[in-house]
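Structure assessment
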Amino acid sequence: MARAKGREQSRLSLDLRGVRVELADKGKDKARCRRELAKHHYLGDVRAVGEQLFYAIKDAQGQWLGVCVFCAGSRRLRARDQWIGWTEEQRRRRLALVVNNCRFLLLPDKSAPNLGSRSLRLVLGRLSADWQTRYAHPVLIVETFVDPEAFCGTVYTASGWIELGQTDGFGRVRRDFYVQHNQPKRLFVRELRRNARRSLQAERLQPALAPVEQKVRPRPTQSSVELRTLVGHLKGIPDYRRHIGLYPLWSLVAVSVLAHWCGAPRGQKDLAKFAKGLSQAQRRALGVRPLADGKYPAPSQPTFCRMMKHIDAPALERVFLQYQQQVRGAPPADELIVLDGKEPKAGGGHSVLTAVSVPSQYYLGSAMVDQKTNEIPVARELFHRLDLDGRQVSLDALHTQTQTARELVLEHGADYLLTVKDNQPTVRQNIEKLVPAPPAEFPPLSTERPAGGPAGVQ
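The structure displayed is predicted, hence computed values, not measured ones.

Time to look at a nonpolar patch on the surface. Residues Val 427, Ile 431, Leu 434 and Val 435 make up a contiguous nonpolar surface patch of about 360 Å² in total accessible area. Inspection of the secondary structure puts Val 427 in helix H17 (residues 425-434). Taking the relative accessible area as the measure of exposure, Val 427 reaches 35% and is therefore partly exposed.

Right, let's get into the sheet that holds strand S4 (residues 98-106). Reading across from one edge, S1-S2-S3-S4-S5-S9-S6 is the order of the 7 strands in this open sheet, with mixed pairing throughout. Edge strands, defined here as strands with exactly one partner in the open sheet, are strand S1 (20-23) and strand S6 (162-166). Adjacent strand axes in the sheet meet at a mean angle of 30°, parallel and antiparallel pairs treated alike. Where strand S2 (residues 52-58) meets strand S3 (residues 64-72), 7 bridges bridge the pair, whose relative direction is antiparallel. Each residue of the ladder has a partner; that of Leu 53, found in S3, is Phe 70. Along the sheet face, helix H2 (residues 27-40) touches S2, S3 and S4 and points at about 100° away from the line of S3.

Scanning all chains against the criterion turns up 21 salt bridges. Between Arg 20 and Glu 22 there is a salt bridge; the shortest N-O distance is 2.8 Å. When its relative accessible area of 30% is taken as the criterion, Arg 20 is described as partly exposed. Three or more residues joined by partner-sharing salt bridges are found here, namely Arg 20, Glu 22 and Lys 58.

The predicted model of the protein averages 86 in pLDDT, with 89% of residues at 70 or higher. Ignoring residues within four places in sequence, the model shows residues 1-12, a span with pLDDT below 50, making 6 contacts including any to other chains. In the predicted structure, residues 449-458 sits below a pLDDT of 50 and forms 7 contacts with residues beyond four places in sequence or in another chain.

Per the stated rule, a full pass over the model turns up 0 disulfides. Cys 68 provides the cysteine sulfur closest to Cys 33, a residue in no disulfide bond, and the two sulfurs are 9.8 Å apart.

This next bit is on the pairing of strand S11 (residues 351-358). With 7 bridges connecting them, strand S10 (residues 336-342) and S11 associate as antiparallel partners. Residue pairing across strands places Lys 342 opposite Val 352, the latter belonging to S11. Relative to strand S12 (residues 362-369), S11 runs antiparallel, the two sharing 7 bridges. Following the sheet pairing, Ser 357 is matched in S12 by Tyr 362.

Right, let's get into the side chain of Arg 391. Within the secondary structure, Arg 391 sits in the loop between helix H15 (375-383) and strand S13 (392-395). Lacking a salt bridge, the buried Arg 391 has Asp 387 as its closest oppositely charged neighbour, with an N-O distance of 6.0 Å. Beyond its immediate sequence surroundings of up to four residues, Arg 391 is in contact with Pro 332, Ala 333, Glu 335, Ile 337, Gly 413, Ala 414 and Asp 415.

On to the environment of Arg 80. Here Arg 80 is to be found in helix H3 (residues 78-84). The class for Arg 80 is buried, based on a relative accessible area of 0%. Expressed as a C-alpha distance, the spacing of Arg 80 and Leu 187, which sit 107 residues apart in the sequence, is 8.2 Å.

Attention now moves to the pairing of S4. For S4, the tally of buried residues reaches 8 of 9 residues, placing the bulk of the element in the interior. For S4 and strand S5 (residues 141-146), the ladder comprises 3 bridges, and the chain directions are parallel. Residue pairing across strands places Asn 100 opposite Glu 143, the latter belonging to S5.

Further remarks concern the environment of Val 98. Looking at where Val 98 falls in the secondary structure, it is placed in strand S4. If near-sequence neighbours (up to four positions away) are discounted, Val 98 is found in contact with Ala 72, Gly 73, Arg 80, Ile 84, Trp 86, Ile 141, Glu 143 and Leu 200.

Another aspect to go through is the sheet that holds S11. If you trace the 5 strands from one edge of the open sheet to the other, you get S12-S11-S10-S13-S14, paired in mixed fashion. Every interior strand has two partners, whereas the edge strands, S12 and strand S14 (415-418), have only one. Neighbour-to-neighbour, the strand axes of the sheet open up by a mean angle of 20°, direction not taken into account.

What counts and what doesn't
Residues numbered from 1 in each chain as written. Predicted model: local features only at pLDDT ≥ 70, side-chain atom pairs only at ≥ 80, totals over all residues. Heavy atoms only, no water. Patch = residues over 30% accessible without salt bridge, like charges linked within 9 Å, V, L, I, M, F, W, Y side chains within 5 Å. Areas by Shrake-Rupley, 256 points an atom, 1.4 Å probe, with all protein chains shown as cover. Salt bridge = Lys/Arg side-chain N within 4 Å of Asp/Glu carboxyl O. Helix = DSSP H or I, 4+ residues; strand = E, 2+ residues; numbered from the N terminus. Buried < 20%, exposed > 50% of the residue type's maximum accessible area, 1.4 Å probe, protein only. Pairing = 2+ DSSP bridges. Axes fitted to C-alpha atoms, helices over the stretch in contact; angles between N-to-C directions. Contact = heavy atoms within 4.5 Å. pLDDT = per-residue confidence, 0-100. Disulfide = S-S within 2.5 Å. Lys, Arg positive; Asp, Glu negative; His and termini not counted.

Below is the structure:
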């Protein structure tokens, strides 16, 4: 009786202002967290894998009051995914920004009114920053499950969590394998940052969040039928080998195209790694030939190296143009043609001059710019591969050359739009003399104050 009375007095005397939370995911503190969970939590110790953080809840004197554990978010939750509004591919690439409060324990002899909501508020106030420190990225949304047969979820409701309904009653036994246990849980969620859901469903993540997607291996989402259709077009590329082994040329090119569609790096090592991540069904659809055991292997880095060295580039471009026309139709005849050069990140100093129509971004052709030259002669060669008759062609200031303009007009029947900068003063002065400046749509505000009106109003 005296012990029970003492516990009741300790509950009433706890000063919530002195409650604090500390990271406890190392050494003795983490071991104690596990012991307390095993002893007092109805689910026992947690078996979290991957990214996770343990917190110890303490009073002003450093005495333990409880334990709170967060781990990676659930892979799939229909109600949560609908609430966030992201696509299946966004969920796969951005799931690390969602975490699960897998354990929340207040020690039975240390509980006090409002201790749960106070502790939870303190933990959530630092959770994202702690995740950033430990795993180099923040978290935006936290989720948790509440057993309706054991708890009411009041502490979560009081802390601003939203209930989305009940789960389907399945539990994950191992990766990609779930077993129905017929014990649905109530699902609660909470945004840790304003407009967190909007960030997760955006077309592109904010720069501070982008590293999360970079860690996720790119994955093609095309069906086997779509892959076989792509391969059917690529079969028009002549193979440079007399004897074709496991990897036909069109199969290697198809892997490279898939990597481009997924936004994956496309160096030789990167392509080999990407191909290794493809499933057996995907490799079969891409035309990889099976081994004696029936399995479809993945091409290595030297295989991609030989492909890039010997492939017929003009033939490859013709196939891409034919495929584009079948998918998108003929290029728009009234759009501006823009030629622009870019240096790939892994281009070894080379750059590529590409012609596209705008605003449709219809690919028209490209040419490699060797380190020993520049874009000017390459552009003039590219003109001969394009249908420029009656079209307008735009190039940057590097191409503002008399010969380039003459060839566009006299040889190809095109009009040109060339940029003139201050490093060509004579051309600029002649333009200002011969061509009147176009009227501005929004004339500058007058600095004189008209009679009867405020300054700048006409």
